[in-house]
Amino acid sequence: FSGLTAMEKKLAEYKCNTNEAIQLKLVRFPEDLEDENTTFNPEYSHQVFGDDEVAFGYKGLKILLYYIAGNLSTLFRIEYTSKVNEKFDCVEADDVESKIREIIPPGFCTNTDDFVSLLEKEVNFKPFGMLLHTYSIHNEEAGEDITYQIYKADMTCPGFREYHERLQTFLMWFIETASFIDVDDERWNYFLVFEKYNKDGATLFATVGYMTVYNYYVYPDKTRPRVSQMLILPPFQGEGHGAQLLETVHRYYMTSPSVLDITAEDPSENYVKLRDFVLVKLCQDLLCFSPVKLMQGFSQEMVTEAQQKLKINKQHTRRVYEILRLRATNMGDAEQSRSYRLDVKRRLIGPYKKKQRELAKMRRCLRPEEMTNQLNQIDLSLQREQLEESFQQLVSDYRRVLERLAQA
């Protein structure tokens, strides 16, 4: 038995956490290759390496995935200090290379010299598609304003298909349940964010992030664009690019008479917070959201105006109303505060009410002992507690949106 544990101990040394082993870079200058500050790691690697996010068979494993900042030409290399040997250790190391090859498109470099010579050609790279929006953000570190641009592209743009194949590999590392999309379906729209930067007197473009939107058909003659994936690359996160991108996409569809409203597929918590901020920013100047009207409650007028002018659906308009009403409410005033609380809780209690209706139905067709069983699951005081908790959570989320709005 002790022999086994010694063997187990030995093998345990050959396990590597793949989130740490994978080293990503967006390279602008040759010196970035050696600079550890430009390296970032995945948040997830379970889609490639399994739930425990471990690669077996190596010590000191490094999986290098370096991308040229603009066109994302890729360098892929594997380094390690030692590897288990089938002959002596009777176990086989994981085939890390083929797992990575499954998600990165062919045509990558395997040595640094080839990669650096591609870097020299980067000056020829230009963003794809149509320019929608230019904005600048002050960078403390550089002590200057940096300019960013958002483009709308599609698969007819020369070179875009190959570029998109490289770009979407990032989804695997930063979106928990990512999947690659069917690019041959023409109903996809692609929105891309680029940073403009200078190198030896020339203006170059670096990839910052992107969003894919699918245009669903709505009978008889409308479409409903649905945001599918959105990713701002880690070196650019927390700078406000997500809000710029989402607002630009909304503004793009707002001008189209055939668009009904904009939705999102399975949105993450962070996306919902971002969307709250962007939609409130767009809506706050509509007449239907004036303080007087907010205090009169949620109205059909709000639904209609938000949908017609800004392509916002009813459910999202309701959240916008609750956030703006919070801003207009003096929560220190008992009457105003109570009125706000009741208004939001009436919406939150919807699902509970539905459950109650289902119970009433059951009452008519279940035997008494079955019924007690069902009833025990729904305890009213617990319900009240959950409702209060949901309400408090919501108000604190809403306050954060309002704080961000005040700074914008």
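Data block above holds the structure.
Let me sum up the structure you'll find in this document.

The rules behind these values
- Per chain, the residues get numbers from 1 upward, laid out in the order the sequence is written.
- The predicted origin of the model limits local features to residues at a pLDDT of at least 70 and limits the giving and counting of side-chain atom pairs to 80 or more, whereas totals for whole chains, interfaces and linings rest on all residues.
- Derived side-chain values reflect all non-hydrogen atoms in the structure, with water molecules and hydrogen atoms excluded from consideration.
- Under the scheme used here, helices are H or I runs from DSSP no shorter than 4 residues and strands are E runs no shorter than 2 residues, and both carry numbers assigned from the N terminus.
- Burial classification: accessible surface area is computed with a 1.4 Å probe over protein chains only, and a residue below 20% of its type maximum counts as buried, one above 50% as exposed, and the rest as partly exposed.
- We get accessible surface area from the Shrake-Rupley algorithm with a probe of 1.4 Å; when it comes to residues, only the shown protein chains can shield them.
- We treat Lys and Arg as the positive residues and Asp and Glu as the negative residues; His and chain ends play no part in the count.
- The location of each charge is read from NZ of Lys, CZ of Arg, CG of Asp or CD of Glu.
- Strands pair, by our definition, only if DSSP identifies at least two bridges between them.
- An expected span of 1.5 Å times one less than the residue number is assigned to each helix.
- Every residue pair with non-hydrogen atoms within 4.5 Å of one another is taken to be in contact.
- Residues enter a nonpolar core if they are buried and are Ala, Val, Leu, Ile, Met, Phe, Trp, Tyr or Cys, with the set joined through side-chain atoms within 4.5 Å.
- Between N-to-C directions, angles cover 0 to 180 degrees, with each direction set by a line fitted to C-alpha atoms, over the stretch in contact for helices.
- Just so you know how the angles are binned, under 35 degrees is roughly parallel, over 145 roughly antiparallel, 65 to 115 roughly perpendicular, and the rest oblique.
- When residues are sorted by character, Ala, Val, Leu, Ile, Met, Phe, Trp, Tyr, Cys and Pro go into the nonpolar class, Asp, Glu, Lys and Arg into the charged class, and all the rest, Gly among them, into the polar class.
- Only residues whose relative accessible area exceeds 30% and that form no salt bridge enter a patch; like-charged residues are grouped when within 9 Å of one another, and nonpolar side chains (Val, Leu, Ile, Met, Phe, Trp, Tyr) when within 5 Å.
- Salt-bridge detection follows one rule: a side-chain nitrogen of Lys or Arg within 4 Å of a carboxyl oxygen of Asp or Glu.

Observations regarding the overall build of the chain
Counting its regular elements, the chain contains 17 helices and 14 strands. Counting only C-alpha atoms, the chain reaches 70 × 70 × 45 Å along its principal axes. Out of the 408 residues belonging to the chain, those deemed buried represent 46%. As displayed, the chain has an accessible area near 22200 Å², and 48% of this comes from carbon and sulfur atoms. On the chain, the mean spot of the 52 positive side-chain charges and the mean spot of the 62 negative ones are 9 Å from each other.

Focus: the pairing of strand β2 (residues 22-27)
Most of β2 is tucked away, with six of its six residues classed as buried. Both β2 and strand β6 (residues 62-68) contribute to a ladder of six bridges, which runs parallel. Its bridge partner lying in β6, V27 is registered against I68. As judged from the two bridges shared by β2 and strand β3 (residues 39-40), these two strands associate in the antiparallel manner. Bridging from a neighbouring strand, L24 pairs with F40 of β3.

As for helix α17 (residues 380-407)
Taking 1.5 Å as the rise per residue, α17 with 28 residues should run 40 Å; its terminal C-alpha atoms sit 41 Å apart, in good agreement. Every buried residue of α17 is listed here: Q383, L387, F391, L394, V395, D397, Y398, V401, L402 and L405. Each element contacted by the buried residues of α17 is listed here: α10 (269-283), α13 (314-328), α14 (334-348) and α15 (350-365).

Some thoughts on the nonpolar core
Among the nonpolar cores identified, the biggest contains 108 residues, and W173 and F289 are the most heavily contacted of them. Ignoring anything within four residues of it in the chain, the contact list for W173 reads I22, L24, P42, E43, Y44, S45, V48, F49, L65, I100 and I103. Residues V27, Y66, C109 and F115 belong to the second largest nonpolar core, which totals nine residues.

Here's the deal with the packing of α13 against α17
Where α13 contacts α17, the two axes come as close as 10 Å, and the packing angle between them is 75°. Taken as axis vectors, α13 and α17 run roughly perpendicular relative to one another. Mapping the contact onto sequence places R319, E322, I323, L326 and R327 in α13 and L394, V395, Y398, R399, V401, L402 and L405 in α17. Split by residue class, the contact of α13 with α17 holds eight nonpolar, no polar and four charged.

A closer look at the pairing of strand β11 (residues 188-199)
Of all twelve residues in β11, ten are buried; the element is thus mostly enclosed. As paired elements, strand β10 (residues 144-153) and β11 share six bridges and run antiparallel to each other. Counterpart to K152 in the pairing with β11 is F191. Counting the residues between successive antiparallel strands, the hairpin from β11 to strand β12 (residues 202-218) contains two residues, one of them, D200, with a positive phi of roughly 50°.

A closer look at the sheet that holds β12
As summarised here, the arrangement of the six strands in space is β9-β10-β11-β12-β13-β14, forming an open sheet in which the pairing is mixed. Both edges of this open sheet fall to β9 (130-139) and β14 (263-264), since each of them pairs with a single strand only.

A short note on a positive patch on the surface
A cluster of basic residues, K353, K354, R357, K361 and R364, forms a positive patch at the surface. Positionally, K353 belongs in helix α15. For K353, a relative accessible area of 46% puts it in the partly exposed group.

As for unusual backbone geometry
For the peptide bond that leads from Y219 to P220, omega is -5°, which places it in the cis range. Checked against the element boundaries, P220 lands in the loop between β12 and β13 (222-232). Phi angles above zero are rare outside glycine, and D266 is one such case at about 45°. Relative to the elements of secondary structure, D266 occurs in the loop between β14 and α10.

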